[in-house]
Amino acid sequence: MALGLAGFVLCLSGLNLILAADHPSYVAAVYEHRVRLNPNPRVPLDRRPALEHMKQNLRVFEEQTVLAAQQGAQIIVFPEDAIHGFNFTRASIAGYLETVPDPQEVTWSPCADPHRFPDTEVLQSLSCMAHKNRLFVVANMPSRQSCNRTADPLCPADGQYQFNTNVVFSDQGVIVARYHKQNLYFEAAFDAPPEWKYVTFTTPFAGLFGVFTCFDILFRDPALTLVKDIGVRQIVYPTAWMNQLPLLAAVQFQRSFSHATGVTLLAANIRAAQYGITGSGIFTPWDSLIHHDMKGDSGKLLVRRVLVLDPAFIGDAAWPTLVPFSGYPKEKLRSEEPDKMHFWPTSSFDADDGVKYCQTDSECEHEATSTSFTSIMMYDNFTLVPLRGSKGNISICSGSVCCHLLFRRSDTLEFYALGVFDGLHVVHGTYYLEVCALVKCTGEHHSSCGEETEHARTPVDFRLTGTFTTRHVFPGILGNGMTLDIPDHSGWERGNRFYMSRTGMSAGLVTAVLYGRHYEKDND
């Protein structure tokens with residue numbers, strides 16, 4: 001049953017929005033789990049020791065599910081790899097695998113009917129957590145599916161598919177969704193599904209949710225298909241994301257994805273500091289509750305009430321239309337037309353400051369040539385231009401992408417640069433990028449621009465604009481100490497130009513990025 005919000009005040013980055021008493025909401029939980037790992041994941045285990053290992057993690061799940069339910073949670077999301085761990089081979093993970101029946105074909109509560117399918121102890125445990133605590137449970141686990149090489153030419157040589165699988169249980173313990181990860185990230189133990197299908201499930205408290213896993217978030221299928229084609233506005237997202245600054249820390253891109261696509265994202269990451277893995281959150285298009293901890297040694301439960309965004313559940317007239325990749329100003333719930341959006345003109349700076357403002361792409365590109373340099377950022381060769389002085393207007397271009405920055409800062413001691421990349425990323429995955437990024441460099445040398453840092457002392461007011469050949473641009477702002485921010489204003493203007501602006505940051509600026517994904521060029 002949907003819950004109303006009587007007199008509830010939601011703070012949207014400084015904007016107090018008094019919600020209607022009858023606007024539906026629900027309580028969501030995500031748990032960042034410090035996974036108990038198999039110390040020798042490449043050594044095969046029989047079913048019994050593999051099950052004993054998984055029970056160590058499942059016991060923590062049980063405790064956190066109870067705590068979440070006590071706080072009113074109606075759905076809880078657990079991370080990818082959180083039950084079994086990672087770095088297995090195809091052979092060594094065999095003892096961990098269970099068969100997960102397709103809920104489109106079989107209605108089954110493992111808790112109520114534990115003997116219907118053999119070797120399903122993990123499914124039974126998760127099902128009982130959901131049933132006993134009366135909440136939806138989303139968990140990730142390794143699964144198998146038998147196949148016949150005669151009937152299926154893609155069937156692996158050992159006669160079974162092995163999948164990285166998300167399973168969703170209703171508050172009655174019934175399996176209601178099963179999703180096999182499509183975009184694997186160096187996962188030798190698993191197969192990509194031979195036929196991809198998007199996966200959704202429906203809840204009685206918030207309507208429709210979509211499901212995908214970790215690396216999937218960077219690709220058209222399933223992420224973009226769910227959001228743009230199916231119209232899903234609520235996503236559950238188990239992940240085991242290794243942070244990669246300055247552009248792809250876990251909470252950094254989770255925030256950008258939620259804001260750009262206009263969805264609520266329930267993101268649960270594992271906690272494995274030795275691998276640089278942390279970062280979970282409950283994200284709406286306008287605000288977030290996050291956890292990022294590279295030094296701690298324990299898990300973290302996040303619980304908060306969020307608004308229902310499913311249009312079919314609340315009625316189209318009850319909430320503004322959220323159009324993916326259109327930009328969402330903080331001060332408004334519905335984007336204005338681009339030509340009416342806030343524009344930060346060059347005249348907002350003192351006319352006597354001696355800064356010469358370039359007015360065209362060619363003029364700015366010519367001026368940047370004498371000071372531009374290249375540096376490796378996230379394994380890609382960016383072209384950059386340094387920020388000089390306390391205010392200015394600079395640009396840099398690469399291929400079809402031109403990046404323009406209007407900036408103002410009170411401190412010039414830290415080294416910042418504006419960078420551009422237009423090309424195919426080919427390390428740890430293959431995907432086409434169009435990126436404009438303002439980054440704080442870690443030192444005084446050009447080569448330090450693109451190195452990882454979480455810290456900056458200098459707040460920067462800025463308006464960052466890029467010309468893109470893709471319509472899929474994810475804006476993101478990261479402040480000192482992994483402080484997340486969203487633009488004051490963002491959106492499209494003059495056809496192929498996407499911009500965002502931010503003034504008055506309370507923390508030093510680490511990164512401001514327009515992260516464009518050109519899905520159609522991934523095969524280039």
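Within each chain, residues carry numbers counting from 1 in the order of the written sequence. Residue-level local features of this predicted model are given only where pLDDT is at least 70; pairs of side-chain atoms are given and counted only at 80 or more, and the full residue set underlies all totals for whole chains, interfaces and linings. In computing side-chain properties, one takes all heavy atoms of the structure into account and sets aside hydrogens as well as water.

Stated formally: UniProt positions are given in the numbering used here, feature names are shortened, and annotations may be inferred rather than shown by experiment.
As annotated in an unreviewed UniProt entry, the chain carries the name Biotinidase and comes from Phoxinus phoxinus. Annotation of the chain in UniProt includes, under Sequence similarities (unreviewed entry), the sentence "Belongs to the carbon-nitrogen hydrolase superfamily. BTD/VNN family."

**Concerning the nonpolar core**
Generally speaking, soluble globular proteins have nonpolar side chains that are buried together. Inclusion rule: Residue types Ala, Val, Leu, Ile, Met, Phe, Trp, Tyr and Cys, when buried and joined through side-chain atoms within 4.5 Å, form a set referred to as a nonpolar core. The cut-offs for exposure are 20% and 50% of the maximum accessible area for each residue type, with area from a 1.4 Å probe on protein chains only; residues under the lower value are buried, those over the upper are exposed, and the others partly exposed. Only DSSP runs of H or I with at least four residues qualify as helices, and only runs of E with at least two residues qualify as strands; both kinds are numbered from the N terminus onward.
By size, the foremost hydrophobic cluster in this structure holds 102 residues, and its most contacted members are Ile-75, Leu-247, Phe-257 and Tyr-515. Top element by residues in this core is strand 21 (residues 431-440). It accounts for seven residues.

**Looking at the sheet that holds strand 17 (residues 380-386)**
Quick note on the threshold: Between any two strands, pairing holds if DSSP finds at least two bridges. In this analysis, axes come from line fits to C-alpha atoms, helices being fitted only over the stretch in contact, and the angle between any two N-to-C directions falls in the range 0 to 180 degrees. By definition, residues are in contact when any of their heavy atoms lie within 4.5 Å.
Pairing is antiparallel across the open sheet formed by seven strands, whose spatial order is 16-17-20-21-27-23-24. Pairing within the sheet leaves two strands with one partner each, and these edge strands are strand 16 (373-377) and strand 24 (483-485). Across this sheet, the average inter-strand angle for adjacent strands is 25 degrees, counted without regard to direction. Pairing geometry for strand 23 (residues 473-479) and strand 27 (residues 509-517), over seven bridges, is antiparallel. Looking at strand 27, one finds that Gly-476 is bridged to Val-513. Across the sheet, helix 4 (residues 250-261) is in contact with strand 23, strand 24 and strand 27; its angle to strand 23 comes to roughly 135 degrees.

**Structural notes on the environment of Arg-409**
Within the fold, Arg-409 resides in strand 19 (residues 401-409). Its relative accessible area of 6% is what places Arg-409 among the buried residues. Sequence spacing of Arg-409 and Val-460 is 51 residues, and the spatial spacing of their C-alpha atoms is 4.8 Å. In contact with Arg-409, other than residues within four places in its own chain, are Leu-387, Arg-388, Gly-389, Ser-390, Glu-414, Tyr-416, Thr-458, Pro-459 and Val-460.

**Quick look at the packing of aromatic side chains**
Test applied: Geometry of aromatic contacts follows a simple scheme: Phe, Tyr and Trp rings, the Trp one being its six-membered ring, pair when their centres are within 6.5 Å, and the pair is stacked under 30 degrees between planes, edge-to-face over 60, tilted otherwise.
Under the defined criterion, the tally for this structure stands at 25 aromatic pairs. Judged by centre distance (5.1 Å) and plane angle (85 degrees), the ring pair of Tyr-185 and Phe-186 falls under edge-to-face. Judged by relative accessible area, Tyr-185 falls into the partly exposed class, the value being 22%. For the pair Phe-201 and Phe-209, a centre-to-centre distance of 5.4 Å together with 10 degrees between the ring planes defines the contact as stacked.

**A word on the pairing of strand 17**
When you tally the buried positions in strand 17, you get five out of seven residues, the bulk of the element. Pairing analysis gives five bridges linking strand 16 to strand 17, with the strands arranged antiparallel. Of the residues in strand 17, the one forming a bridge with Thr-374 is Thr-383. What sits between the antiparallel neighbours strand 16 and strand 17 is a turn of two residues, in which Met-378 has the positive phi angle 55 degrees. Relative to strand 20 (residues 416-425), strand 17 runs antiparallel, the two sharing four bridges.

**Overview of the sheet that holds strand 12 (residues 264-269)**
The strand order across the open sheet formed by six strands is 9-10-11-12-13-14, and the pairing between neighbours is mixed. The outermost strands of the open sheet, each flanked by one partner alone, are strand 9 (200-203) and strand 14 (288-291). Shown here is a sheet whose adjacent strand axes are inclined to one another by a mean of 20 degrees, direction ignored. Examined bridge by bridge, strand 9 and strand 10 (residues 207-211) share four bridges and lie antiparallel to one another. Counterpart to Thr-200 in the pairing with strand 10 is Gly-210. Where helix 4 meets the sheet, it contacts strand 11 (234-239), strand 12, strand 13 (280-283) and strand 14, and its direction lies at approximately 15 degrees from that of strand 13.

**Quick word on the state of the cysteines**
This is how it is decided: A pair of cysteine sulfur atoms is labelled a disulfide when the two atoms are within 2.5 Å.
What the rule picks out here adds up to five disulfides. The partner cysteine of Cys-397 in its disulfide is Cys-402, sulfur to sulfur 1.9 Å. Given an S-S torsion of about 110 degrees, the disulfide between Cys-397 and Cys-402 has right-handed geometry. There is no split in this pair, since Cys-397 and Cys-402 are both buried.

**What about unusual backbone geometry?**
The omega angle of the peptide bond from Asp-221 to Pro-222 is 10 degrees, so this bond is cis rather than trans. Assignment of secondary structure puts Pro-222 in helix 3 (residues 220-230). Of note, the bond from Leu-245 into Pro-246 is cis; its omega dihedral lies within 30 degrees of zero at 15 degrees. The residue Asp-81 is not glycine, and still its phi comes out positive at about 65 degrees. Mapped onto the fold, Asp-81 is located in the loop between strand 4 (75-77) and strand 5 (98-99). For Phe-186, which is not glycine, the phi torsion reads 50 degrees and is therefore positive. By secondary structure assignment, the location of Phe-186 is in the loop between strand 8 (175-180) and strand 9.

**What about the pairing of strand 8?**
Taking burial as the measure, the six residues of strand 8 include five buried ones, the bulk of the element. Examined bridge by bridge, strand 7 (residues 160-169) and strand 8 share five bridges and lie antiparallel to one another. Its bridge partner lying in strand 8, Asn-166 is registered against Tyr-179. Between strand 7 and the antiparallel strand that follows it, strand 8, lie five residues; Gly-173 among them carries a positive phi value of about 85 degrees.

**Focus: the packing of helix 1 (residues 47-70) against helix 2 (residues 121-133)**
Defined as follows: Roughly parallel covers angles under 35 degrees, roughly antiparallel covers those over 145, roughly perpendicular covers 65 to 115, and oblique covers all other angles. Ten residue types, Ala, Val, Leu, Ile, Met, Phe, Trp, Tyr, Cys and Pro, are classed as nonpolar, four, Asp, Glu, Lys and Arg, as charged, and the remainder, Gly among them, as polar.
As a packed pair, helix 1 and helix 2 sit with axes 10 Å apart at the nearest point and diverge in direction by 10 degrees. The orientation of helix 1 relative to helix 2 falls into the category roughly parallel. Of helix 2, the residues touching helix 1 (which contributes Arg-47, Leu-51, Met-54, Leu-58, Phe-61, Glu-62, Thr-65, Val-66 and Ala-69) are Glu-121, Val-122, Ser-125, Leu-126, Met-129 and Asn-133. Residue classes in the contact of helix 1 with helix 2 are distributed as nine nonpolar, three polar and three charged.

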